[in-house]
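# Descriptive analysis of the structure
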Amino acid sequence: MQEAIFSGLVIGSIYALVALSFSIIFATTNIVNFALGEMVMMAAMVALTTIVTLHWPVVSGIFAAILVVLILSYLLQIIALKRLQRVDESTAFMLTLAAGIILNNAALLIWGDKPFPFPNLLGDRILFHVGKLAVSQQGLGVILAALILMIFYDWFQRNTLIGKAMMATALDREAASAVGINVKMVHTIAFSLSGLFAASAAFLITPFTFASYYMGTDIGLKGFAAAILGSLSRGRGAIIGGLIFGLAEAILSYLFGSNARDPLLYMAFILVLIFKPTGLLGVSKWQRVA
Amino acid sequence: MLKKVFWLVALLLAVTFLVSPSWAKDILIGLDGPLSGPAASFGLDALNAVQMAIEEINAAGGIKGNKLKLIAKDSMQDPTKARANAEELVYKDGVVAFFASTLTTNNLASLEVTTKAKVPHIIAGTTSDIVCPDEPGKCHPYVFRLPILNSWQAEKLAIYAVKNLKAKRVALMYDATGYGLDGKKNLEKAMEKMGEKIAISETFNMTDVDFTPQLQRIRDAKADAIITWTLGVQVARIVQSMKRLGMDIPVLGSEAITEAGFRKLAGPAAEGVYIADRMPAAYDSKDPKVQAFVKKWREKTKMEEKLAVPSWSVTYYDAVYWLAEGLKKAETNREKLKEALENSTYTGVTGIKYTFTPQKHNGRNGPEDVYIVQIRDGALVTPKQ
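Residues numbered from 1 in each chain as written. Chains lettered and ligands numbered in written order. Predicted model: local features only at pLDDT ≥ 70, side-chain atom pairs only at ≥ 80, totals over all residues.

### A closer look at the overall build of chain A
The cut-off we apply is this: Helix and strand assignments come from DSSP, with helices taken as H or I runs of at least 4 residues and strands as E runs of at least 2, each series counted from the N terminus. Atoms considered for the radius of gyration are the C-alpha atoms alone. The globule rule reads 2.2 Å times the number of residues to the power 0.38. Here exposure depends only on C-beta density: within 10 Å of a residue's C-beta, 20 or more other C-beta atoms make it buried, 12 or fewer make it exposed, and intermediate numbers make it partly exposed, the C-beta atoms being placed from the backbone. Note that contacts rest on C-beta atoms placed from the backbone: two residues are in contact if these are within 7 Å.
Helix and strand counts for chain A come out as 11 helices and 2 strands. Ordered by position from N to C terminus, the α and β elements of chain A give α-α-α-α-β-β-α-α-α-α-α-α-α. Here the C-alpha atoms of chain A give a radius of gyration of 19 Å, agreeing with the 19 Å that 2.2 N^0.38 yields for 290 residues. Principal-axis analysis of the C-alpha atoms gives chain A an extent of 60 × 45 × 35 Å. When burial is assessed residue by residue, chain A has 49% of its 290 residues classed as buried. In chain A, once contacts between residues fewer than 6 apart in sequence are set aside, the share between residues at least 24 apart is 73%.

### Quick look at the interface of chain B and chain A
Size of an interface: often given as the accessible area lost when the parts come together. Each side of the interface is counted separately: chain B has 25 residues, and chain A has 24 residues. No other element matches helix α7 (residues 212-220) of chain B, which puts 5 residues into the side of chain B that touches chain A.

### Examining unusual backbone geometry
The backbone phi angle of His55(A) is positive, close to 55°, even though this residue is not glycine. As for its placement among the helices and strands, His55(A) is situated in the loop between α2 (36-53) and α3 (58-84). Overall, the presence of 8 C-beta atoms within 10 Å leaves His55(A) in the exposed class. Despite not being glycine, Met76(B) has its phi angle at roughly 45°, a positive value. Mapped onto the elements, Met76(B) comes out in the loop between β2 (68-74) and α3 (79-93). Take Met76(B): there are 19 C-beta atoms within 10 Å of it, and that puts it in the partly exposed class.

### Thoughts on the pairing of strand β2 (residues 133-136) of chain A
Test applied: For two strands to be treated as a pair, DSSP must find at least two bridges joining them.
Examined bridge by bridge, strand β1 (residues 126-130) of chain A and β2(A) share 4 bridges and lie antiparallel to one another. Within β2(A), the position partnered with Phe128(A) by the bridge is Val135(A).

### Quick notes on the sheet that holds strand β10 (residues 274-277) of chain B
Residues and elements named next belong to chain B. Let me state the cut-off plainly: Angular values range over 0 to 180 degrees, each being the angle between N-to-C directions of two axes fitted as lines to C-alpha atoms, with helices fitted over their stretch in contact.
Strand order in this open sheet of 7 strands is β7-β6-β8-β9-β10-β13-β14, and the pairing throughout is mixed. Two strands bound the open sheet, and with one partner strand each, they are β7 (198-204) and β14 (379-381). The average angle at which neighbouring strand axes cross in this sheet is 25°, direction not considered. Direction of pairing for β10 relative to strand β13 (residues 371-376): antiparallel, over a ladder of 4 bridges. In the sheet register, Ala276 faces β13, and the bridge partner there is Ile372. Across the sheet, α7 touches β6 (170-175), β7 and β8 (225-229), and the angle it forms with β7 is around 175°.

### Regarding the domain arrangement of chain B
All names here are of chain B. Stated formally: Each domain's extent is set by a domain assignment, obtained either automatically or from a database. Note on residue categories: nonpolar means Ala, Val, Leu, Ile, Met, Phe, Trp, Tyr, Cys or Pro, charged means Asp, Glu, Lys or Arg, and polar means any other residue, Gly included.
Annotation of chain B at the domain level lists domain 1 (27-148 + 294-366) and domain 2 (151-277). Relative placement of domain 1 and domain 2: their C-alpha centres are 30 Å apart. Of the residues lining the interface, 8 residues belong to domain 1; the matching set on domain 2 comes to 8 residues. Split into classes, the residues belonging to the side of domain 1 that touches domain 2 amount to 3 nonpolar, 3 polar and 2 charged.

### Brief notes about the confidence of the model for chain B
The criterion, for reference: pLDDT is a residue-level measure of predictor confidence that goes from 0 to 100.
When pLDDT is averaged along chain B, the result is 88, and 95% of the positions lie at 70 or above. Scored as a complex, the prediction yields pTM 0.81 and ipTM 0.79.

### So, the packing of helix α1 (residues 2-29) of chain A against helix α10 (residues 235-256) of chain A
Residues and elements named next belong to chain A. Stated precisely, the cut-off is as follows: Crossing handedness is read from the near helix: turned anticlockwise from the far helix by less than a right angle, it gives a left-handed crossing, and turned clockwise, a right-handed one.
Packing of α1 against α10 leaves a shortest axis separation of 6 Å and a crossing angle of 145°. The two elements α1 and α10 meet at a crossing, and its hand is right-handed. Across the contact of α1 with α10, the residue classes tally to 19 nonpolar, 9 polar and 1 charged.

### Examining helix α5 (residues 150-164) of chain B
Residues and elements named next belong to chain B. Heads up, the condition is: Under the convention used throughout, the expected extent of a helix is 1.5 Å for every residue step, that is, one less than its residue count.
Look at α5: 20 Å from first C-alpha to last across 15 residues, which is about the 21 Å you get at 1.5 Å a residue. Most of α5 sits out of view: 11 of its 15 residues are buried. Of all the residues in α5, the buried ones are Asn150, Ser151, Trp152, Gln153, Ala154, Glu155, Lys156, Leu157, Ala158, Tyr160 and Ala161. Summarising the contacts, the buried residues of α5 are in contact with β6, α6 (178-193), β8, β9 (251-253), β10 and β13. Of the residues trailing α5, Lys166 is marked for its positive phi of about 55°.

### Describing the sheet that holds strand β3 (residues 97-99) of chain B
All names here are of chain B. With respect to topology, 5 strands assemble into an open sheet ordered β2-β1-β3-β4-β5, the strand pairing being parallel. What marks the edges here is a single partner per strand, and that holds for β2 and β5 (143-145). Here the average twist between neighbouring strands, direction ignored, is 25°. Relative to the sheet, helix α2 (residues 40-59) contacts β1 (27-33), β2 and β3, its axis offset from that of β2 by approximately 170°.

Pasting the structure below:
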């Protein structure tokens, strides 16, 4: 059981990062960025090319991958939000969905259809044993890295002017604009932060999944589900949602086998949404003070 | 004047008819497979092997002076495309024999067309039992299969785990697709045949990334060997999860993971894995014939030094030579060709013997024809036990 819990926490903290990426954008712009899974994939593929194929130093490769994702996020934001001023939000959803499909197919053309091994940047030694549980460098590293990023986000939102401006925009865009908050800049920062977390999730998950053009679909879907479970509009909710989703996956398949896992998991998911439609930590729009 | 020109042209036309029959005719052979898309590597491995054999045969004079000519078609992973390809090859091009897709479903789709038209349907890739069952009378008279069967692999793996590796509690991990479920059924039957029981069976979805929960259940069940029945990506994830958990028990797998992609993805975690293969580890062979074949393959496909020739490529290569023997006897009469093929024996490049009789359309004989190979230093070698 302890091993299932540990591995659930490892995968769950990666889901949490992706869920957080969804919620950062949704909270400030009311857009669900369906291209996010493909952003994760692009980060992984760029890191793979720079680090493995071109033999760049690991840090340079990571920066290159983050840069590419930031540029893509910025382009998406310009297109999606420029439109959003004039059209409704469902058109913006479609735009992000289309962007995701384009990225997916572009990756297929560039990198082909085969999966590639991805370097385990955190090392793969076993550090110590707790009872039967072997704590690996990789597992512990993933949890710590995700934790640091999430604490940074929480601190950033609560203690910096920009963070507070983001919260204010999330609460009421017009009012925020009226008190002099540059809403456009808030949107840019939201998309950038989201891209940064998506790229970080890519470096952590890809040693498990291998790098392939199709890896984004699954991680995107699970991150989105986790965000809905926790709360799509609150960062802390999304993080909790990610951790619960990962833990539930691991514990359910340990107890009942993976045939039973998905039906049970999604039944629980539906039950939660029946009783709390805004997610476990969700609140209605007028109470939403993160 | 016009009349004279007309007669002259008509005369010339008649002359061409008189001269033509003495010219050599090409013998057309059809091939269908996944030449693009996610399964393309299997199809291209097959195509390369068939082309290599045909080039060699033609360079050595062809079939009684006639050259072999290959028409290859791509059906990706689409059974309807495979069916349409077979129809085109059989009815439009008029091929004398048909190499079916490496994918089971596509193979079955084209089989309906070829068997109806009575064109020899040659299987060199798929190991699924259903395309040509190992029971007298169950395999269609125009279907011929050269590789081993899934049920034979399962039997050999079970025997190897229990007898050679002395495993007392064998665990099973299979994916939730048709391939995995078929493997589970075969392995259960194989263990039962030896009077043994599977200690624990675990299944998973193809998209699962972490196998810790399943592996922990296997550890709780005190298993001392794991037989896997799934594809390379999944076994790579399993052995890497085992490494993270510090689990050190033997892992065995079906022929699907002889592909180089598995070793590349799993890296050092793949070391020591046992695989049921259709032929002995080619790299151990000192036979100059094998060495020459491997060298030629490497030049043709620019394959890395450490990798082995995919075993299905060897089968496709053997299949062309075996077919050529039949064509020498039957020429292009499909009925005679079928008779020649079902009364034939052929020894392939790696020393594998294929025997066909009218009752037995599987060229190999049974589990005894399955070889266990092991991954050592990233290569497939003969294990020590």
